[in-house]
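Report on the structure
For reference, the chains in residue letters:
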Amino acid sequence: MADAHPPSGTGPLAKREARLAWGLLMPTITAVAIVVVLPLLAIFWISVKPVSLADLRAPEAVVREDIRGNLEVAGDEAQIRYRLRNSSQDRAILAVSFSDVIPEGVVVQSVDERCTIDERRLQCDLGDWDAGYRETLSIPVIVEQTYLDNGLRPQDSAALVEGQSSSVLTNGDFTLDNFARIFSGEEFVEVLLVTLFYTVFGTIGALLVGLFAALLLNKSFKGQGILRGLYLFPYVAPVIAVAFAWLILFDPFSGSVNALLVQMGLTQEAINFFGERPLALIMVTIFEIWRYFPLSFLFILARMQSIDADMYEAADMDGASPFQQFWYLSVPQLLGILSVLFLLRFIWTFNKFDDIFLLTGGNAGTRTLTVNVYEQAFAISNIGAGAAVAVVIFGCLLTFSIFFLKYISREEGL
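These lines cover the structure that appears in this document, whether it is placed above or below. (Residues numbered from 1 in each chain as written. Predicted model: local features only at pLDDT ≥ 70, side-chain atom pairs only at ≥ 80, totals over all residues. Heavy atoms only, no water.)

What follows is about helix 6 (residues 239-249). Listed in full, the buried residues belonging to helix 6 are Val 239, Val 242, Ala 243 and Trp 246. What you see down the axis of helix 6 is that its buried residues fit within an arc of 105°, all on one side. Of the surrounding secondary structure, the elements contacted by the buried residues of helix 6 are helix 8 (279-305) and helix 11 (354-359). (Buried < 20%, exposed > 50% of the residue type's maximum accessible area, 1.4 Å probe, protein only. Helix = DSSP H or I, 4+ residues; strand = E, 2+ residues; numbered from the N terminus. Arc of directions from axis to C-beta. Contact = heavy atoms within 4.5 Å.)

Turning to the pattern of salt bridges, a few remarks are in order. For the structure on display, the rule yields nine salt bridges. Notably, a salt bridge pairs Arg 81 with Asp 66, separated by 2.8 Å at the nearest N-O pair. A residue pair is termed long-range when its members are at least 10 positions apart, and Arg 81 in strand 2 (residues 77-86) and Asp 66 in strand 1 (residues 61-68) qualify at 15 residues. The two residues Arg 81 and Asp 66 agree in class, both being buried. A salt bridge links Arg 345 to Glu 288; the nearest nitrogen and oxygen atoms lie 2.8 Å apart. Of this pair, Arg 345 sits in helix 10 (residues 322-350) while Glu 288 sits in helix 8, and the two are 57 residues apart along the sequence. A relative accessible area of 2% means that Arg 345 is categorised as buried. The network of salt bridges with common partners includes Asp 66, Arg 81 and Arg 83. (Salt bridge = Lys/Arg side-chain N within 4 Å of Asp/Glu carboxyl O.)

All right, on to unusual backbone geometry then. Of note, the bond from Arg 277 into Pro 278 is cis; its omega dihedral lies within 30 degrees of zero at -10°. Here Pro 278 lies in the loop between helix 7 (256-263) and helix 8. The backbone of Ala 95 sits at a positive phi, close to 55°, despite the residue not being glycine. Here Ala 95 lies in strand 3 (residues 93-101). Not every positive phi belongs to a glycine, and Ala 364 is a case in point at roughly 55°. Looking at the secondary structure, you find Ala 364 in the loop between helix 11 and helix 12 (369-379).

The next point concerns a nonpolar patch on the surface. A contiguous nonpolar patch, built from Val 32, Ile 34, Val 35, Val 36, Val 37, Leu 38 and Leu 41 and spanning about 620 Å² of accessible area, is present on the exposed surface. Position of Val 35 relative to the elements: it lies in helix 1 (residues 12-47). Using a relative accessible area of 60% as the deciding quantity, one classes Val 35 as exposed. (Patch = residues over 30% accessible without salt bridge, like charges linked within 9 Å, V, L, I, M, F, W, Y side chains within 5 Å. Areas by Shrake-Rupley, 256 points an atom, 1.4 Å probe, with all protein chains shown as cover.)

Attention now goes to the nonpolar core. Generally speaking, a soluble globular protein has its nonpolar side chains buried in company with each other. Counting 24 residues, the largest nonpolar core has Tyr 82, Leu 84, Phe 98, Leu 122 and Trp 129 as the members making the most contacts within it. For this core, the secondary-structure elements that each account for two or more residues are strand 1, strand 2, strand 3, strand 6 (121-129) and strand 7 (134-143). (Core = buried A, V, L, I, M, F, W, Y, C linked by side-chain atoms within 4.5 Å.)

The next thing to look at is the environment of Gln 109. In this fold, Gln 109 is placed in the loop between strand 4 (106-108) and strand 5 (115-118). For Gln 109 and Phe 44, which are 65 residues apart along the polypeptide, the C-alpha to C-alpha distance reads 56 Å. Excluding residues within four positions of it along the chain, Gln 109 makes contact with Pro 140, Val 141 and Ile 142.

On to the sheet that holds strand 7, then. An order of 1-2-7-4 is seen for the four strands of this open sheet, with the pairing classed as antiparallel. Looking at which strands have only one partner, the edges of the open sheet turn out to be strand 1 and strand 4. Within this sheet the neighbouring strands show an average axis-to-axis angle of 35°, counted without direction. When strand 2 meets strand 7, the two strands line up antiparallel, connected through nine bridges. Within strand 7, the residue paired with Gln 79 across the bridge is Pro 140. (Pairing = 2+ DSSP bridges. Axes fitted to C-alpha atoms, helices over the stretch in contact; angles between N-to-C directions.)

This is the structure we're talking about:
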């Protein structure tokens, strides 16, 4: 006899629950789309647009108005002058028009052929303005006593200007010059190698130091809480404070480290730690390790303390040395958390900007891809090239994440 009940998950109740679940998830999905997806799509869009920092400001039709003439008595002649210009030097403004109200007591003698006047309202259709367009429009007038008495001037009523211009961000102009620019020459290869060195050694170093710190605090002893708090200091301290502290300590002229090295006879002259190749790159990598090992330390310590102590007691009774206990018992249990930490720390370090920028500004061979984004977009005002570098960063991280999750994590059983 056939089963009268519908398959699990296809009944009315299941469908109602699915709709409810999607309804509850929709605010989260929308927030993620707004915060993550839309900016990411915008970066991809800008990366293929010939846009500079100046292009973010739309062209503006500028009108300056004044009156010229010696106005002392009724009947004096003057000119109302409109100085017109296109604020952009490379984009046109289409269908420009402006309107203005002529002050009471001013009699217009004639107007430009592009203008009309109805009672006291002046209306001008000026057509299309090329990039950098400039013109002065003069209207001859005669003033009456009313104008001299009321004290109003033409510039007291601002001219209303209208026009249309295409935005480089929304028009149909696309280019691959941004990518050609960043990939041309050996500069990109150097920046990529610096980024990989900083990321790989910074990530591995932070994990190893965090693992060593976790091993030290895995046993209970007096003062353990104080030492744990000191371990967390590099991570919780403001980055700008610790960065400048390092700069002061390693300053080649007044730094304590250089003074100590000279006094100990280890060097004959001061060392410019953050200003010489390749020492500057090594120093910023050490700073990265020092600053972010506490995060690895916390996760590793929490995982180590969850391992059953009976395993270590049994291994100790079997005569296993501390190193053997660590290698054969602790390491297999820590592979999962180490893999997750490596993935997260690699992504975060690859995207790191503030540490290097504060320490060296990207000089002395420390320019990474993120620093290159800043330099392209703001230092030389090429927003499109900066977005192209950001797309390259996204591609590198996406490739690494897919490789890591497909091969590395599978081998470790994650």
